[in-house]
Amino acid sequence: MNESRDDRIRESINNIEPAAGARERMLENIRRKAAEQTSKTAQEIPQKTKVLSISKFLKWALPVAACFAIAIIGVNIIPNITNSPSIDNQEVEIANPFAPVSDSSAFAKQLGINIDAPDGATSVAYTIVDNEMANIDFDYTGHSYTLRASEQSGDFSGLNGIAASIEQIDSETDAVLTSIKSSDEIYRKIEWTDGKVRYVLINTDGADPGQMKELYQRVK
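Residue positions are given per chain, counting from 1 as you read along its sequence in written order. Under the rules for a predicted model, residues below a pLDDT of 70 receive no local features and side-chain atom pairs below 80 are neither given nor counted, while totals for whole chains, interfaces and linings still include all residues. Hydrogen atoms and water are omitted, and side-chain values are computed over all heavy atoms in the structure.

With respect to the overall build of the protein chain
Phase 1: Here a strand is any run of E in DSSP of at least two residues, a helix any run of H or I of at least four, and the numbering for each starts at the N terminus. When you go through the protein chain residue by residue, the secondary structure sums to 4 helices and 8 strands.
Phase 2: Beginning at the N terminus, the succession of helices and strands in the protein chain can be written as α-α-β-α-β-β-β-β-β-β-β-α.
Phase 3: In the protein chain, which comprises 220 residues, the proportion classed as buried is 25%.
Phase 4: Contacts between residues were defined by any pair of non-hydrogen atoms, one from each residue, lying within 4.5 Å. Within the protein chain, contacts between residues at least 6 apart in sequence are counted, and of these 39% link residues at least 24 apart.
Phase 5: Accessible surface is estimated by sampling points in the Shrake-Rupley manner with a 1.4 Å probe; for residues, cover comes only from the protein chains shown. For the protein chain, the exposed surface amounts to about 15,900 Å²; the carbon and sulfur share of it is 54%. Summary of the burial criterion: residues with accessible area below 20% of their type's maximum are buried, those above 50% are exposed, and those between are partly exposed, where the area comes from a 1.4 Å probe applied to protein chains only.

Right under this line is the structure:
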């Protein structure tokens, strides 16, 4: 019974004839929907492809750009490093201007200068400076002194400061005692000459003018 009813329904549907022009409109709507769907799909696919392509390009381009930047840095910097003078494999020698000698006889032999520390001096050290200056460091009566002699001109005492007082103490040798103020310290020196060689007696640890004059008489 059910099968007979279904058959009748199918037969009735098959016998339905659309009104005039309805079939064409239906076909036109179907074609239009299909065209719209096709157009939409065509638009979506390139867009996705474009996004995917940009993503792939960035994944490729960024590492390449980084490598290119490293290459540029390497070209500009590495040659400077490799061409820089290396001191690791070189021995840089700086000449020592102070050459120790055994005693004052070396001054006479090498420089033609006769000079020595006074009798009673302790901790005596002899050096030749720059191959042209006799230098003696010694202690005497509680103070430390330096005695120098050279044929060179100018002040070779090595003292810096303001001359607080100047006193001539010996006209025969043009000996002059100078007290030099440097910050809170007072340094003293006596300079004289024998006409060829110039001498200087130096103190920086508080010897008074009387002590300087007395020592000058012993070493001149």
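Let us keep going from here.
Regarding the packing of aromatic side chains
Phase 1: Two rings from Phe, Tyr or Trp (for Trp, the six-membered ring) form a pair when their centres sit within 6.5 Å of each other. Planes less than 30 degrees apart are called stacked, planes more than 60 degrees apart edge-to-face, and all others tilted. Enumeration according to the criterion identifies 4 aromatic pairs in this entry.
Phase 2: Note on Phe-138 and Tyr-145: the rings are 5.8 Å apart at their centroids and 25 degrees apart in plane angle, and the pair reads as stacked.
Phase 3: For Phe-138, a relative accessible area of 2% puts it in the buried group.
Phase 4: Taken together, the ring pairs in this structure connect Trp-192, Tyr-199 and Tyr-216 into an aromatic cluster.

Let's talk about the side chain of Thr-127
Phase 1: Examined against the element boundaries, Thr-127 turns out to sit in strand 2 (residues 122–129).
Phase 2: Among all residues touching Thr-127, those that are not within four sequence positions of it are Phe-98, Ala-99, Pro-100, Val-101, Phe-107, Met-133, Ala-134 and Asn-135.

What to know about the pattern of salt bridges
Phase 1: Should a side-chain nitrogen of Lys or Arg be within 4 Å of a carboxyl oxygen of Asp or Glu, the pair is scored as a salt bridge. Considering all chains together, one arrives at 7 salt bridges under this definition.
Phase 2: Residue Lys-213 pairs with Glu-167 through a salt bridge whose shortest N-O separation is 2.9 Å. Residue Lys-213 is found in helix 4 (residues 209–219), and its partner Glu-167 is found in strand 5 (residues 162–170); the two are separated by 46 residues along the sequence.

Quick word on the sheet that holds strand 3 (residues 133–140)
Phase 1: At least two DSSP bridges between two strands are needed for those strands to be called paired. Strand order in the open sheet formed by 8 strands is 1-2-3-4-8-7-6-5, with antiparallel pairing between adjacent strands. Strand pairing shows two members of the sheet lacking a second neighbour, strand 1 (98–101) and strand 5, which therefore form its edges. Pairwise comparison of adjacent strand axes, ignoring direction, gives a mean angle of 20 degrees for this sheet.
Phase 2: Note: strand 6 (residues 175–182) against strand 7 (residues 185–193), 7 bridges, orientation antiparallel. When the sheet's bridge partners are listed, Ser-179 is paired in strand 7 with Arg-188. Axes here refer to lines fitted to C-alpha atoms; in helices the fit is confined to the stretch in contact. Angles between the N-to-C directions go from 0 to 180 degrees.

Remarks on the nonpolar core
Phase 1: We define a nonpolar core as any set of buried Ala, Val, Leu, Ile, Met, Phe, Trp, Tyr and Cys residues linked to one another through side-chain atoms lying within 4.5 Å. Counting residues in hydrophobic clusters, the biggest one holds 29 residues, and the most contacted among them are Ile-115, Phe-138, Trp-192 and Leu-201.
Phase 2: Looking at this core, the elements with two or more residues in it are helix 3 (105–111), strand 2, strand 3, strand 4 (143–150), strand 6, strand 7, strand 8 (198–203) and helix 4.

Concerning the confidence of the model for the protein chain
Phase 1: One number per residue, pLDDT, summarises how confident the predictor is, and it ranges from 0 to 100. Considering every residue of the protein chain, the mean pLDDT works out to 78; 58% of them sit at 70 or more.
Phase 2: Per-residue pLDDT stays below 50 along residues 45–82; that stretch engages in 3 contacts with residues further than four places along the chain or on separate chains.

Digging into helix 4
Phase 1: All buried positions along helix 4 are accounted for by Met-212, Leu-215, Tyr-216 and Val-219. What you see down the axis of helix 4 is that its buried residues fit within an arc of 110 degrees, all on one side.
Phase 2: In protein, a polar contact requires one atom able to donate a hydrogen and another able to accept it; more generally it is a pair of N or O atoms within 3.5 Å, and residues adjacent in sequence count only if both atoms are side-chain atoms. For helix 4, the N-terminal capping position is held by Asp-208, with its side-chain oxygen 3.0 Å away from the main-chain nitrogen of Gly-210. Here the arc refers to the directions that run from the helix axis out to each C-beta atom.

Thoughts on the side chain of Ser-179
Phase 1: Within the fold, Ser-179 resides in strand 6.
Phase 2: By relative accessible area, which is 7% here, Ser-179 ends up buried.
Phase 3: A polar contact of 3.1 Å, which involves the side chain of Ser-179, links it to the side chain of Arg-188.
Phase 4: Once residues within four sequence positions are removed from consideration, Ser-179 is found in contact with Ile-162, Ala-163, Ala-164, Ser-165, Ile-186, Tyr-187 and Arg-188.

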